Every structure is written in structure tokens, then in C-alpha cells.
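Single-letter residue listing:
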Amino acid sequence: MISRDTILDLGDYERRRDDIRRSAIAARAARRVILGPNATIAFENRETVAYQIQEMLRAERIAKDADVQHEIETYSDLLPTRDELSATMMFEFPDADGRDVRLAELVGFEDHLWLDLAGSKAPASFDRRQLDPDRISAVQFIRFPIGDAQRDALARGEGVRIVSDHPAYSYSTEIPPHTCRALAEDLRDG
């Protein structure tokens, strides 16, 4: 969990926001993977989650300790652990009229996404609260369980891909070595 003492009060955050934002954006960029033309997977770590908390507190002007703690607990669910990577997946369909149709076509997607770590499969686990029998949400919170051999493959940064074989969205993307190294570090910090 993100500790309360790492979250700045609103005034301190405003003064330091530009530097914090710049660093968090760089951390997010190092962990972003594009899957096909309409999906982005942003792997989370302590810095990206803490930044999301700070931005939520800023946007909502949250300052009471109990309310701050609630945000910390809510967003801390996004943290990776030693045995799981955590990510936010976003589907973006520019045509607003067709967006609902495309999201309806993706029902069942939760059974069709995994990491391929040098031939070892780590299936995605989706937050079931975001799944609907008629369509999926455009934003999904997912986790990938990682074992020791898979952790080693990730640290080597070779032959790591993210794969979708859903009939309506079948794509595979090699995860670059620098992203693999960042994710392996996140697992060590978990």
C-alpha cells in the first residue's frame, strides 16, 4: 500500500507538481505498451499510483485525513506485488458512434489476453466489476500473475510479448527490453 507519509498535502503538492508530474509521466511512458490500433496497456508502479492519488486529491480538493486515506486505499489496489504485475488497459475508439458497438464486440476479452514470457504464459486477470454481459468498459484494471521463471524472463527482457487472441481484437506486441527491465524492477519493489 502507498503510505500516508508519501502523499503530500495540497499546498506542498501544488508547489512540487511540475517536477512530480514530469517524473511520473516518464515512469508511465517507460511502462506503456501499445497493443494493436486501439488498446494501450500502462503498467503501474509506486510512482504512477502515487501520482494518480495526488492528482485525484488535487482535482477533488480532498484534504481531510479520512478522505485522503480512502483514496490511498482505493488506488493502492493498482500496485504490483512481487508476484503480480498490475496495469490499466484503455481501449480508444475515435468514432463515438461506433464505440459502443466495438466495446460490445469485445465481450469475453478477459479470456483472451496474456503475457508471453519466453514461451511461458501469464494470463491476465481482470477486475470483474468492470465486466458486463453486453459490453466491456473502455478502461480495464488487470493483473498478470508472475512466477519465478517468468520473473527471470522479464528481467532478461528477451522474448516478452503481450498477446490478445480475441476474435474481434487479435494482436501481439513485443515488449521492449527497457520496459521489461522497468517491470522486473517493479516486481522487486512489490
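Residues numbered from 1 in each chain as written. Predicted model: local features only at pLDDT ≥ 70, side-chain atom pairs only at ≥ 80, totals over all residues. Heavy atoms only, no water.

## Description of the pairing of strand 1 (residues 32-35)
So, point 1. Burial along strand 1 is one-sided: the residues Val33 and Leu35 are buried and none of Arg32 and Ile34 is.
So, point 2. Pairing analysis gives 4 bridges linking strand 1 to strand 2 (residues 39-43), with the strands arranged antiparallel. Each bridged residue has a counterpart across the sheet, and for Val33 the counterpart in strand 2 is Ile41.
So, point 3. Between strand 1 and strand 2, which pair antiparallel and follow one another directly, the connecting turn spans 3 residues, one of which, Gly36, has a positive phi of 70°. (Buried < 20%, exposed > 50% of the residue type's maximum accessible area, 1.4 Å probe, protein only. Helix = DSSP H or I, 4+ residues; strand = E, 2+ residues; numbered from the N terminus. Pairing = 2+ DSSP bridges.)

## Let's talk about the side chain of Thr88
So, point 1. Relative to the helices and strands, Thr88 resides in strand 3 (residues 84-91).
So, point 2. Overall, Thr88 belongs to the buried group, its relative accessible area being 8%.
So, point 3. Within polar-contact distance, the side chain of Thr88 engages the side chain of Glu44 at 2.6 Å.
So, point 4. Beyond its immediate sequence surroundings of up to four residues, Thr88 is in contact with Thr40, Ile41, Ala42, Glu44, Val139, Gln140 and Phe141. (Polar contact = N/O pair within 3.5 Å; in protein donor to acceptor, adjacent residues only side chain to side chain. Contact = heavy atoms within 4.5 Å.)

## Focus on the side chain of Glu44
So, point 1. Looking at the element boundaries, Glu44 is found in the loop between strand 2 and helix 2 (46-60).
So, point 2. Residues within four places of Glu44 in sequence aside, it is in contact with Arg28, Val49, Gln52, Leu78, Pro80, Ser86, Ala87, Thr88 and Asp186.

## Concerning unusual backbone geometry
If a residue is not glycine, its phi is most likely negative; likewise, a peptide bond is most likely trans.
So, point 1. A positive phi angle, near 55°, is found at Arg61, a position not held by glycine.
So, point 2. Within the secondary structure, Arg61 is located in the loop between helix 2 and helix 3 (65-76).
So, point 3. Arg61 gets classed as exposed once you look at its relative accessible area, which sits at 51%.
So, point 4. Even without a glycine there, the phi angle at Ala118 is positive, about 55°.
So, point 5. Looking at where Ala118 falls in the secondary structure, it is placed in the loop between strand 4 (113-117) and strand 5 (120-123).

## Notes on the pattern of salt bridges
So, point 1. Per the counting criterion, the structure on display carries 18 salt bridges.
So, point 2. Across the pair Arg102 and Glu105 runs a salt bridge whose closest N-O atoms are separated by 3.4 Å. One end of the pair, Arg102, and the other, Glu105, are both in helix 4 (residues 96-105), 3 residues apart, so they sit about a helical turn from each other.
So, point 3. Since its relative accessible area comes to 28%, Arg102 is described here as partly exposed.
So, point 4. Owing to a relative accessible area of 40%, Glu105 belongs among the partly exposed residues under this scheme.
So, point 5. With a closest N to O distance of 3.7 Å, Arg128 and Glu110 form a salt bridge. Pair noted here: Arg128 is in the loop between strand 6 (125-126) and strand 7 (139-145) and Glu110 is in the loop between helix 4 and strand 4, with a separation of 18 residues, a long-range link.
So, point 6. Arg128 gets classed as exposed once you look at its relative accessible area, which sits at 56%.
So, point 7. Overall, the relative accessible area of 16% leaves Glu110 in the buried class.
So, point 8. Connected via shared salt-bridge partners are Arg82, Asp83, Asp148 and Arg151. (Salt bridge = Lys/Arg side-chain N within 4 Å of Asp/Glu carboxyl O.)

## Quick look at the pairing of strand 3
So, point 1. Summarising burial for strand 3: 6 of the 8 residues are buried, a large majority.
So, point 2. In the sheet, strand 2 pairs with strand 3 via 5 bridges, with the strands oriented antiparallel. Across the sheet, Ala39 pairs through a bridge with Phe91, a residue of strand 3.
So, point 3. By the bridge criterion, 7 bridges tie strand 3 to strand 7 in an arrangement that is antiparallel. Across the sheet, Ala87 pairs through a bridge with Ile142, a residue of strand 7.

## Section: the sheet that holds strand 4
So, point 1. With antiparallel pairing, 4 strands are arranged side by side in an open sheet as 5-4-8-9. The two strands at the open ends of the sheet, each matched to only one other strand, are strand 5 and strand 9 (169-174). Taking each pair of neighbouring strands and ignoring which way they run, the sheet shows an average axis angle of 20°.
So, point 2. Here strand 4 pairs with strand 5 via 4 bridges, running antiparallel. Note on strand 5: the bridge partner recorded for Asp116 is Lys121. (Axes fitted to C-alpha atoms, helices over the stretch in contact; angles between N-to-C directions.)

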